[in-house]
Every structure is written in structure tokens, then in C-alpha cells.
Amino acid sequence: MVLADDDVLLREGLAGLVERSGFEVVGQGGTASELIALVREHKPDLAIIDIRMPPSHTSEGLDAARVIREELPETAILVLSAHVQVEQATDLLASGERSGYLLKSRVTDVDEFIETLQRIVKGGSVVDPALVHELVAARRVKDPLDVLSPREREVLSLMAEGRSNAGIAHQLWITEGTVEKHVHSILTKLRLPATEDDQRRVLAVITFLDAR
């Protein structure tokens, strides 16, 4: 494997830890460019990468991970971060298997950390529990349709198909009056501006499509 972190003490500590557990460290680097060069030279089974490295200490590690995933997809990637960074983590995890995202604080449990490395090398994906919590919380915040009941979601879905209240009533086997009540509830829950009903329906449909 190769290790990339600009914190030399952390990097050396990780190297010693994984070597004692049976892994072979073929190279270490402190920058993204050094990491990419090492991976191209050694074609390791695994690369452990710090997200923030010189020069800007923002997302150099993640950028390097993208290059590695494109050029050498057989190399498993574990990204380490000091903080939960949802967008950066999901970008990496969306790239497929043999990848992981862990907070550096998780490395204190040696047995669990080594098990994580083994799972990733074998083709698994590992997500830090703290990130899972943040992803769930973010979805709750970002999905405006969570306020709707299952029936209201059905009605809104049919509205998105361009059906009238009469058409929705026919499709769902309910009265047109019941549909009108559902539509009113949908518009209220989505907090759409109180303008003409037709315009509010369009805004409701746009909200539905944006949430897909």
C-alpha cells in the first residue's frame, strides 16, 4: 500500500501500525503529486489518503483519489479526514466499490481499523458512522417532500404527469373533492406563495421534480 499525509508523525505511525498487521507499505508521500507518482510506480492494492494536503489544504487528496480511481481502478482507496465533509465523501463513495471514508479519530481502534482496510481491499465500501449520521440529517433537511403524506406524494406525482383533479380522482379511485383537499394540503405544506392556484400547482410540480 501507499500512504499520503502531510503530517509526518501520523503517517509514520500509520505505516508502523499497518506493517505490524501484515500490510506492506511500498511508499509514503506528503503531497497529492507524490501520492499519484507512487501509485503509478507501484500500482498498490490500497492507497490511504488524507483529504487535505499542501499547498491549499482543501481537497488535494480527494482530487488525487479521482485520478487514481480513473487510471488504476483496481487500487482500493481509503480517505481519512479530521472532520465530516459530506459532499467530498459522497463524491468519492459514488465512484464505486473498493473505497472508504473514515475520520482520523477512528484510527484509535486498531483492530477495527485493520479490519476496515481488509474489507476495502477485498472490494467492500466503508463509511464512517459519523458520516452516515450527517447524510441522513442532510437528506431530512434537503428533501422538501418529507412533509407530505404517502397519499399526498401520490397526488403530487400525478400532478407532475399533468393530470387534472378529475384525472387524479379517477386514477386513485377517490372523489374530486378529496383530491382538492389533498392539493390544498400539498400547497400549504410546501409553503408555496398564495397566488393563482394554477401557478401554485406548477411550483408544486417543480418542487417534486427537483426532489427526484
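Up top is the structure.
Residues numbered from 1 in each chain as written. Predicted model: local features only at pLDDT ≥ 70, side-chain atom pairs only at ≥ 80, totals over all residues. Heavy atoms only, no water.

J.: Outline the overall build of the protein chain, listing residues and values.
T.: The number of helices and strands found in the protein chain is 10 helices and 6 strands. By residue count, 43% of the 212 residues in the protein chain fall in the buried class. Relative to all contacts within the protein chain whose residues are 6 or more apart in sequence, the contacts with residues 24 or more apart total 60%. (Helix = DSSP H or I, 4+ residues; strand = E, 2+ residues; numbered from the N terminus. Buried < 20%, exposed > 50% of the residue type's maximum accessible area, 1.4 Å probe, protein only. Contact = heavy atoms within 4.5 Å.)

J.: Describe in detail empty space enclosed by the protein, supporting the description with residues and values.
T.: Summed over the entire model, instances satisfying the criterion amount to 1 cavity of 30 Å³ or more. The volume enclosed by the largest cavity comes to roughly 30 Å³. Every residue along the wall of the largest cavity is listed here: Leu3, Ala4, Asp5, Arg11, Leu14, Ile48, Ile49, Asp50 and Leu80. Elements that contribute at least two residues to the lining of the largest cavity include exactly β1 (2-4), α1 (8-20) and β3 (46-50). Considering each element in turn, the lining of the largest cavity owes the most residues, 3 residues, to β3. (1 Å grid on protein atoms, 1.4 Å probe; cavity = no way out; pocket = protein on both sides within 12 Å on 5 of 7 lines; lining within 4 Å. Points joined across faces, edges and corners; volume = space filled by probe spheres on them.)

J.: Could you give me a rundown of the sheet that holds strand β4 (residues 76-81), with the residues and numbers involved?
T.: Across the sheet, which stays open at both edges, the 6 strands sit in the order β2-β1-β3-β4-β5-β6 with parallel pairing between neighbours. With partners counted over all chains shown, the strands left at the sheet margins are β2 (27-29) and β6 (125-127), one partner each. Each adjacent strand pair in this sheet contributes to an overall mean axis angle of 15°, direction not counted. In the sheet, β3 pairs with β4 via 5 bridges, with the strands oriented parallel. (Pairing = 2+ DSSP bridges. Axes fitted to C-alpha atoms, helices over the stretch in contact; angles between N-to-C directions.)

J.: Can you lay out helix α9 (residues 176-189) for me, pointing to particular residues and giving the numbers?
T.: The end-to-end C-alpha separation of α9 is 20 Å, in line with the 20 Å expected for 14 residues at 1.5 Å each. When we look at burial in α9, the residues that qualify are Val179, His182, Val183, Ser185, Ile186 and Leu187. Looking one or two places after α9, you find Arg191, whose phi comes out positive at around 55°. (Expected span 1.5 Å × (residues − 1).)

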